[in-house]
Amino acid sequence: MRGAKNYLFAGSDTGGDNIADAMTLIESAKLSRLNPHDYLADVLARINEHKINRLHELLPWNWKPVNTLHRQAA
């Protein structure tokens, strides 16, 4: 993992937890053969409007880009 030594100095326990959460999302996206940047950008743009009982749809292994969803609805 790049930057592993830098992660030792996250500033606080909370900072370390935040980095761990972010890296988990990034690595899960990679394992699902997604571009992590595209995945995170899309999820962050949509999550505010997404129904809470459907958050599972935004997990990397269930995620579909917005364009794909619109094509399916048409």
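Everything below is about the structure printed above this text.
Below: a short report on this structure. Predicted model only: the values in this text are computed from it and were never measured.

### Section: unusual backbone geometry
Part 1 of the reasoning: Unlike most non-glycine residues, Arg-33 shows phi in positive territory, near 60°.
Part 2 of the reasoning: Turning to its location among the elements, Arg-33 is positioned in the loop between helix 1 (13–31) and helix 2 (36–46).

### Focus: the pattern of salt bridges
Part 1 of the reasoning: Scanning the model with the defined rule gives 3 salt bridges in all.
Part 2 of the reasoning: Across the pair Glu-27 and Lys-30 runs a salt bridge whose closest N-O atoms are separated by 3.3 Å. Here Glu-27 and its partner Lys-30 are both found in helix 1, 3 residues apart, which amounts to about one turn of the helix.
Part 3 of the reasoning: For Glu-27, a relative accessible area of 35% corresponds to the partly exposed category.
Part 4 of the reasoning: Among the salt bridges present, the one from Arg-46 reaches Asp-42, with a minimum N-O distance of 2.6 Å. Placement of the pair is Arg-46 and Asp-42 together in helix 2, with a separation of 4 residues, close to one helical turn. Residue Arg-46 shares its accessibility class with Asp-42, and that shared class is buried.

### A few points about helix 2
Part 1 of the reasoning: What helix 2 keeps buried is the set Pro-36, Tyr-39, Asp-42, Val-43 and Arg-46. One side of helix 2 holds all its buried residues, which, seen down the axis, span an arc of 145°. The exposed set on the far side of helix 2, more than 90 degrees from its buried face, consists of His-37, Leu-44 and Ala-45.
Part 2 of the reasoning: Of the residues that open helix 2, the one with a side-chain oxygen 2.8 Å from the backbone nitrogen of His-37 is Asn-35.

### Digging into a nonpolar patch on the surface
Part 1 of the reasoning: Among the surface-exposed residues, Ile-47, Ile-52 and Leu-55 lie close enough to one another that they form a single nonpolar patch of about 300 Å² accessible area.
Part 2 of the reasoning: We classify Ile-47 as partly exposed; its relative accessible area is 40%.

How each quantity is defined
- Residues numbered from 1 in each chain as written.
- Predicted model: local features only at pLDDT ≥ 70, side-chain atom pairs only at ≥ 80, totals over all residues.
- Heavy atoms only, no water.
- Helix = DSSP H or I, 4+ residues; strand = E, 2+ residues; numbered from the N terminus.
- Salt bridge = Lys/Arg side-chain N within 4 Å of Asp/Glu carboxyl O.
- Buried < 20%, exposed > 50% of the residue type's maximum accessible area, 1.4 Å probe, protein only.
- Arc of directions from axis to C-beta.
- Polar contact = N/O pair within 3.5 Å; in protein donor to acceptor, adjacent residues only side chain to side chain.
- Patch = residues over 30% accessible without salt bridge, like charges linked within 9 Å, V, L, I, M, F, W, Y side chains within 5 Å.
- Areas by Shrake-Rupley, 256 points an atom, 1.4 Å probe, with all protein chains shown as cover.

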